[in-house]
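# Commentary on secondary and tertiary structure
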Amino acid sequence: MDYAELCVTSNFTFLTGASHPEEFVARAAELGLSAIAITDRNSLAGVVRAFRELKEIRRKLKARADEITLTVKQHIDPSSRMPVGETVSIPLAPAARLPRLIVGCRLVLADSPVDFVALPKDKPAYQKLVRLLSLGKQRTQKGECLLYLSDMLEWADGSLLIALPESMEQKAEATDHIAQAHRRFPGYVFTGAAPRYDGSDAAWFKTLAALSHATGAPMVATGDVLMHHASRRQLADVLTCMRHHITIDAIGHLALPNAERRLKPADEMAHIFRDHPAAIRRTLEIAARLTFDLTELSYNYPAELAHGEAPQARLARLTWEGLKWRNPGGIPDRHRELAEKELALVDELGFAAYFLTVHDIIVYARSRGILCQGRGSAANSILCYALGITDVSPDMIGMVFERFVSRHRGEPPDIDVDFEHERREEVIQHIYEKYGRDHAGLCATVIHFRSRAAIREVGKVMGLSNDVTAALSGQIWGISSKGADPERLKEVGLDLSDRRLTQTVRIIGEIIGFPRHLSQHVGGFVITHDRLDELCPIENAAMEDRTVIEWDKDDIDALQILKVDVLSLGMLTCLQKSFDLLSRHYNHPLTIAAVPQEDEATYSMLQRADAIGVFQVESRAQMNFLPRMKPATFYDLVIEVAIVRPGPIQGGMVQPYIQRRQKKAKVEYPSPDLEGVLKKTLGVPLFQEQAMLIAVVAAGFSPEDADRLRRSLASFRQMGTIGEFEEQFVNGMLQNGYELDFAQRCFAQIRGFADYGFPESHAAAFAMLTYVSAWLKCHYPAAFACALLNSQPMGFYAPAQIVRDAREHQVEVRPISVNHSAWDCTLERRADGAYALRLGFRQIKGLKKEDADWLVTGRGNGYQTPEDVWLRAGLMPAVLERLAEADAFADAGLSRRDALWRVKAIRAPKPLPLFSDPIDGEHISEPDVILPAMNLGEQVVEDYVATRMSLRAHPMELLRPKMPGLTLHSALAVTQQRRVSVAGLVITRQRPGTASGVIFLTLEDETGVSNIVVWNKVYERFRRTVMGGRLLKVTGRLQREGVVVHVIAETIEDCSWRLSELGHPMDDAIGITDPKSDDTPRRPKLQPRAHHPREQAKKLFPSRDFH
Amino acid sequence: MWFQRLPSERVLRARPVDGPFAVTSSEGNHDRLYCLNREAESQGLERGMGLADARAYVPDLVTRPADIDADRRFLVMLARWATRYTPHAGLDGENGLVLDITGAAHLFNGEEAMLEDMKERLSRARLSVKIGIADTRGAAWALSRFAPGIVPAGKTSAALGPLSVSALRINEKTATALKRLGLNTIADINALPRATLARRFDMGLIARLEEALGTRGEAVSPLSEPPHYGVRMTFPEPIGLVDDVMAALSRLLETLCLRLKTREAGARAITLAVERVDQTRQDVTLRLARPMRDASRILRLFERPVGEIDAGFGIERIRLEAGVVEALPAEQIGEGGLVEGEALDDLVTRLGARIGLDNIIRFQPVASHIPERGFTENPAAYGRVEAEWRMDHPRPLRLFPPEPVTSQAARRPPSRFSWRRMRLETAASSGPERIAPEWWRPDEAWRTGLRDYWRVDTRQGLRLWMFHTPQAPGWFVHGLFA
């Protein structure tokens, strides 16, 4: 008995299907079905998953023919890259054959009571089907598909259509539609009969048989499958509730009455259709007619022909031209050699066009003055250096090109290009324009349920109270993607004997990893020569002017489709702006490549950890590491960038490396073989490539195995497969005479890389930006700070810290002024020839660029009063208020309060034409009012309110007299190592995942910053203070190692209330941290003060409460 | 009077909680803290904070959802209570009361004693309150929030002077704007020329200022009395005939129904009190199946009970009162005849008058696949039938607890079996309809797992609804079709 399941709804029909496509395939293999079709609702998003799973099963079976179990991992949570659920072994009959995968989709038509399952029989049919779906998707908004019967009749030829009438209520219409389809595609239309188990199956089949008789579309059995296993019924019901926004108790008839919509073995189906055996046989006939396979999707890269020049020839020409440009004094032999080798390899593999695409994109970007830089495995080749894709020359790091474009893989090279974050959209639109929307599209990213969303949504459906859901999510700090852990549940006091709760916990575990919707990839472009909408359905993205394909980057990988990553990087914006300032003010035009290399002053600045604003090394951990690492050459920066990352940290590689570097430990290699691999990093593996090479050299991996290992690292999603390599790796190393300990440590590091590790090529590309930004900071601090401020939001620090840092570097910072500032911060030449930094209107909260531009346009000889601005620049009173609040009229001789008072008198949005001339028109004269002058405290608070920083004074300076016994931050470097008390505004608050719960705080006072380490125990005691305080006083031991100074917190006191002593109602504007430098939950934005006059009452009248 | 923690204290009065507690309200997707107890506030939580955040700060926070309506009712109740001090007690915002105690204070031995009395009583009721007594409503408001206590007559301006401008009942934005201009206290703005203020801020500010200082009047509007639905008629001569009573009743009903109509209400229970010349009284209560205010229909329903009244030596006076009143919005009146369903309601009322309204039961559909759960039995007089009966899966007319049948059959119903001491033979059967237990609800009856239901027609003429439990093999009869 044989059966092919032709209608399966996977969980890529979001919030409907209750099993992963992978699970269906594995289950079909277990049941011994002859074929399985994944047919999602108007979508092909799930088929590639199934395809990949089938390929993997096939490979495993081939590899271990003697073993008869098939190991199926539950799923990998892609957000955390952790395996979720347990691994299940499914025994497989020795002679088991694997089911064939049929590609298809369920067409749900807007104007028909009948759904049609469309199964393309060959490639042309597939292409038409994809066009049909693209048509429907582009007609409507993201995530939806609007199709009509007429569309299907036009486009579905070549596909076998199985009509699935819902009920017989609209019998006439259903019959008519099926008949229409049959008339249009004779021999291709079938009537699908799905058992419903509602007691009327026999009658239902009879009705369908009559229907098929009437329409001429033969009857075929289907399961109309929703889950791979009956146990998923609960999940299916929960998904239904989510879809309808109801709780499980209100589900009523929407619930599945039973779990019969599961994948069933052939004999069970045969029993159900015992009166219609032909319907079962027909499934096999249909399956046999469908010859289409996803491997057939021959993918054509655009030819990139230019003026009739063949890609390879053009690539060669450009390469040699580029090398000449790079080496004005003649091409060195080494370069010539490398280039020839790489060109030959590229020719052999036929990737010339890909390099040209990237080249053309970069040429376009350069022509528009957009700064860009390539990275990724293939980017650090001499080709990319010659083509200008990267500026890291082959002399800077060792290049191992063939390892990334390897012969036996036949796999595409990987080049990511970073662009200025503010201008990337231009590049994206250029690509759409150049190749057309039919040929270029962004990849999708599948958004999955993660712990928090799963707990929240399942909890809601299961009717758990907010209290319980919150307790389930536990302490929310950082993202956890493990399901709920029973032990922890007990700790938070949840009763696991409660049935509802255990069910909820189990369903949460199941739902984590379920796809929820498709989103767009950050910048992965698929470009094709043939029509892209014949390869994969294209839909509109949520963002305007973007179109997205349905597959994500792993799917594309599996089908070996090339992708160019067009990414955005804030630092590039900043560099471009710096270069602009340099050429405008200093007459010193520069590019990344032209920045002088190996500059001593720059390195010595980095060695002092003077790195605020410098790319990649400005975080706390990096700043601590810099003085120990003491980078002195470019390659040190490459290591610096790569080492302070979770991969090497978890692999325990940081300490050994730093010991060796500081000459405290001897440099030694585990074996002479590995010396070549590890020499550059003093015997400690730090880069992904080294881990791979160890696998080959020491553990005896075949290049193919090593490559699979690398891919399981690169695409984090397949992390679950890494475990399979562990045994092979460790055993291989033991056989080659390595120590068990070393082998295990090596593997631990490889595992760490799966979390976050850098390949050398990435690190080198980033290090280049690190160096350039450091060089700029070192030599042109004013311009660099100006560019940094103008590129916000980016980087780690808020404008206040950037400004403070600039002032510490003797840059004069001038306040915002209506008569001098522009939207951006600018440089102003001082009498002594140096440049001062003038803050721009962009620092004012709530001011729009357009208004600032009008103000500048109407400035003329300057403004005297707010009325002038109102009349000449036509700004709304609300905007004038912002300006007045930011004290921008100080230059015009108006104090902040006076300016505000005058602005308040302007009520009309626009001047009336008659009175626009104040001298000529009627002028309302009003009595002079003398407002109380602002004290310094109020001024500072006002500054913070308007611009989040103050050039006048630091709040700590004003509060210090009231807080005796504090050590100045600037004094920490020279004080004895003893207990000290420091106080300051919190500027960063972080709990890195790698630091086992330690919290790092950075406090700022008027003299500098201090670094506080809060151990877990102390944190538990001062939890609220640490999380919520804006101004903290910390007492603890001072610890100093070289220039790195820490205070280990013992007691922490929240002094935020003191800020109100500055005497301003909005003191809470001080000490607001940036989300990127603060991991704590956000305080409410909405000021609750409105409901809380009591606070004020306390301040004004202490202790008159009588209750 | 300002009840600063009204919502949380209302909940806590019913269910005391030790430790931090908060009432939350949902705004869109977010739960926010709406009112906290003192413990929670002292732990650093604030009103308006997101619940998730609050929990991160205080993990053992206990919360309840807010019930604005209940808070409102509670406040109205407090206002009623406050009439013990003065008849002029009204609501002030969501959590305050305003009392006009002019001429009432001396009854409590002066304002001070009155204030003490209020505080004491309210603290016994476990409510935290702040009270201000002043010449004007605005000043009292300011005092209650910012400086609880009494301001003697005529000293208002001096007392309010040092208070923050927020005490003026202005919105927070205006208050902040004033403070940013350095105008922190009421005295500050009082000193400014009014015109400059009016130009920059709206007239509301000036109005509030003047109201507080007493240069502009403001009234206290006391809570209105609840409407009373009662009418009566006294006869010049005692009457005794049913027709006379009915005629009188008809007139009274018209007045009553008119009164109900103006308030868009309908009566659920109407009591007719009959007073006889011998000073005895008889009450007749008519309970209605649905709220009504149609005089002629109600009159007809009274026919029977009125016939049972013993008039004795004559009836002197009758009183009619609608005891239970529900909202009944005005509706379009159709052309003659009863609207569908109304006849049934009248029948229910009539039957109810005899056997008691609560004894009339009606089946109502419930959305569930489980047959036992597919319906509920509700009192016919209460609750409308909302859902539709599902007709696609026929259910038997009679359903009883499953009764086992001995049989070894597995996939199809047994051809012979005995049930209730009858030997039955299967003539025809159709099925199975497979129903799995509702996994989210534990149900003892469904412990045997999923059921395959069959309709079985027996040769003996019985049409049974049987099920098989494949997970714990066995056959049961669950119901009887006609």
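What counts and how
- Residues numbered from 1 in each chain as written.
- Chains lettered and ligands numbered in written order.
- Predicted model: local features only at pLDDT ≥ 70, side-chain atom pairs only at ≥ 80, totals over all residues.
- Heavy atoms only, no water.
- Buried < 20%, exposed > 50% of the residue type's maximum accessible area, 1.4 Å probe, protein only.
- Helix = DSSP H or I, 4+ residues; strand = E, 2+ residues; numbered from the N terminus.
- Pairing = 2+ DSSP bridges.
- Axes fitted to C-alpha atoms, helices over the stretch in contact; angles between N-to-C directions.
- Contact = heavy atoms within 4.5 Å.
- Buried area = accessible area lost by both parts, 1.4 Å probe.
- Polar contact = N/O pair within 3.5 Å; in protein donor to acceptor, adjacent residues only side chain to side chain.

### Brief notes about the pairing of strand β17 (residues 451-458) of chain B
Across a regular strand the side chains alternate sides, sitting on one face of the sheet and then on the other. Residue and element names in this part refer to chain B. Of all the eight residues making up β17, six are buried; the element is thus mostly covered by neighbouring parts of the structure. Pairing geometry for strand β16 (residues 422-435) and β17, over seven bridges, is antiparallel. Looking at β17, one finds that E433 is bridged to Y453. With six bridges connecting them, β17 and strand β18 (residues 463-468) associate as antiparallel partners. Opposite Y453, over in β18, you have F467 as the bridge partner. Where β17 hands over to β18, the hairpin turn is made up of four residues, of which G461 adopts a positive phi near 105°.

### Things to note about the sheet that holds strand β8 (residues 230-239) of chain B
Residue and element names in this part refer to chain B. Taking strand neighbours across the sheet as the criterion, the four strands line up as β8-β11-β9-β10 in an open arrangement whose pairing is antiparallel. Lying at the two open borders of the sheet, with one neighbouring strand each, are β8 and β10 (281-292). Ignoring which end each strand starts from, the neighbouring axes of this sheet average 15° apart. Here strand β9 (residues 265-276) pairs with strand β11 (residues 315-327) via eleven bridges, running antiparallel. Its bridge partner lying in β11, R276 is registered against I315.

### Here we look at the interface of chain B and chain A
How big an interface is tends to be stated in terms of the accessible area lost upon association of its parts. Contact residues are listed per partner, giving 71 residues for chain B and 72 residues for chain A. Between chain B and chain A lies a buried interface of about 6,700 Å² when both sides are counted; carbon and sulfur atoms form 56% of it. Summed over the three residues of chain B that lose the most area to chain A, namely Y57, R180 and W439 of chain B, the buried surface amounts to 16% of that side. Along the contact surface separating chain B from chain A lie 19 residue pairs in polar contact (both at pLDDT 80 or more). If you list the elements that add at least two residues to the side of chain B that touches chain A, you get β2 (30-36), α2 (38-42), α3 (51-57), β3 (62-65), α6 (137-146), α8 (172-180), α10 (194-200) and β16 of chain B.

### Some points on the sheet that holds strand β18 (residues 563-569) of chain A
Residues and elements named next belong to chain A. Pairing is mixed across the open sheet formed by seven strands, whose spatial order is β12-β13-β18-β15-β14-β17-β16. Of all strands in the sheet, those with a lone pairing partner are β12 (372-375) and β16 (538-540), marking the two edges. Neighbour-to-neighbour, the strand axes of the sheet open up by a mean angle of 45°, direction not taken into account. Of the strand pairs in this sheet, strand β13 (residues 416-420) and β18 are connected by five bridges, and their pairing is parallel. Opposite E420, over in β18, you have L569 as the bridge partner. On the sheet, helix α12 (residues 352-367) packs against β12, β13, β15 (515-527) and β18 and is oriented at approximately 30° with respect to β18.

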